[in-house]
Amino acid sequence: MSSSGVVARSAPQEAAWDAGVVAPLEFVRDGIWTVGIPMPPGPTPGGRIPCTLASIVADDAGGVHVVDPGSGSDENLGMLAEAIAGTGHRLDQVRSIIVTHLHHDHLGSAERLRNATRAPIVLHRAEQAALDRLAADRPTAAAERTRLTAWGVPVDRHPEILTLVGRSATPVSLQADVLVDDAQLLNVPGRRMRAVHTPGHTPGHLSLVDDDARLVFTGDHVSPVLHPGLGLGGDDGNNPVLQYQRSLRRIIELGVDEAVPGHGFRFVGLAQRCAEHARHHQQRTDEVVGVLASSPDASMFEIASRLTWSAGWEKLTGFSLRSALQQTAMHVDAVRTGSS
Ligand SMILES: [Zn+2]
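Conventions and cut-offs
Residues numbered from 1 in each chain as written. Predicted model: local features only at pLDDT ≥ 70, side-chain atom pairs only at ≥ 80, totals over all residues. Heavy atoms only, no water. Phe/Tyr/Trp six-rings, centres within 6.5 Å; stacked < 30°, edge-to-face > 60°. Buried < 20%, exposed > 50% of the residue type's maximum accessible area, 1.4 Å probe, protein only. Helix = DSSP H or I, 4+ residues; strand = E, 2+ residues; numbered from the N terminus. Lys NZ or Arg CZ within 6 Å of the ring centre and 35° of its normal. Pairing = 2+ DSSP bridges. Axes fitted to C-alpha atoms, helices over the stretch in contact; angles between N-to-C directions. Contact = heavy atoms within 4.5 Å. Donors = N, O, S within 2.8 Å, 3.2 Å for Na, K, Ca; no water. Tetrahedral: all angles 85-135°; square planar, octahedral: opposite > 155°, others 65-115°.

In the annotation of an unreviewed UniProt entry, the entry for the chain reads MBL fold metallo-hydrolase, and the organism field reads Pseudoclavibacter terrae.

Attention shifts here to the packing of aromatic side chains. Applying the stated criterion to the full structure yields 2 aromatic pairs. A ring pair is formed by Phe27 and Trp33, whose centres lie 6.0 Å apart and whose planes are at 70 degrees; its orientation type is edge-to-face. Residue Phe27 is classed as exposed on the basis of its relative accessible area, which comes to 51%. Here Trp33 falls in the buried class, since its relative accessible area comes to 13%. Measuring from ring centre to ring centre gives 5.3 Å for Phe301 and Trp313, while their planes differ by 70 degrees; the resulting arrangement is edge-to-face. Of this pair, Phe301 sits in helix α10 (residues 300-305) while Trp313 sits in the loop between α10 and α11 (318-337), and the two are 12 residues apart along the sequence. Between the NZ or CZ atom of Arg284 and the centre of the ring of Trp309, over which it lies, the distance is 3.9 Å.

Pairing is mixed in the open sheet, where 7 strands are placed in the order β2-β3-β4-β5-β6-β7-β8. Edge strands, defined here as strands with exactly one partner in the open sheet, are β2 (26-29) and β8 (178-180). Strand-to-strand twist of the sheet, defined as the mean angle between neighbouring strand axes without regard to direction, takes the value 25 degrees. In the sheet, strand β5 (residues 64-67) pairs with strand β6 (residues 94-98) via 4 bridges, with the strands oriented parallel. Looking at the pairing, Val66 lines up with Ile97 of β6. Together, β3 (32-38), β4 (51-58), β5 and β6 form the strand contacts of helix α2 (residues 74-86), whose direction differs from that of β3 by roughly 160 degrees. Helix α5 (residues 125-136) rests against β7 (121-124) and β8 of the sheet, and its axis sits at about 90 degrees to β7.

All of the protein donors around the zinc ion are His101 (NE2), His103 (ND1), His201 (NE2) and Asp220 (OD); their distances to the metal are 2.2 Å. Around the zinc ion, the 4 donor atoms sit at angles spanning 91 to 170 degrees, and that spread fits a shape best called irregular. One chain supplies every donor to the zinc ion, and in sequence these donors are spaced H-x1-H-x97-H-x18-D. Linking His101 in the loop between β6 and α3 (104-107) with Asp220 in the loop between β11 (215-219) and α8 (240-254), this pair joins segments that are 119 residues apart in sequence.

Now the structure itself:
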């Protein structure tokens, strides 16, 4: 039993997570394997995350399909190729590369794997649009200054945030070969693998349900080890908090208990974990409602300063301050939109 209340279904993955090391190749069932692919160097959200869980899924026509090939490097592609060999398959049997969302630790190796196999990359339609927007709309210091002013951030706090502009990882410019929509069956012969559009973490986040294996691949939508951040794929005009809450209900409605997440370990208790994520974000929304009730004209900065932050408001500087303001703005918008 982990601290989150979910129950691990993979002892090796749970042990790897606890030790902060990369999870080994593991047989799940019925032609499904998972393997840890190392994260890129540098800080990760929620502390130390050693790896992304990539999945290898065999079809009944002699092919295999990779879900989330992991962060991009030649070493990582080599690890993935070794894992595919470990399942008794060859790289030239890869028939599709299915990516849950645009973050580098999931999508990064997709292009390399496509070059090595000529297999198509599969993304949700809204995620391709998000990728295109991120590549086109590079952030500018002027736009950021305008935003900080609108949020009421004191001028002496501007420099620590403005220095971040353009420092985040260059968005991947990538064109998927197959764009899928919600409820669409993926081209995995002999399997009923369905796309479930689960926006919130990113606008086109894709979860996958295998109806026969009774397994959901949740990407970063549901996690046994942390509460996923929201709105991390740019702005598509929808509120990520409201979308996320809806997406959690979508997963609960599937009625499937077991999940392969993007990080951590395979677990059971999927609906319960969705409810925990929902509560976590609802608590913040409720706090915002409370602040707005007593101070309807408070600036975003003032509202944020009155919310509960696990690190403590005073300790938030630079990136974590910017992130806290962004989250506050999403929740304020969710409250004002009115249907959270
Ligand atoms: Zn992510």
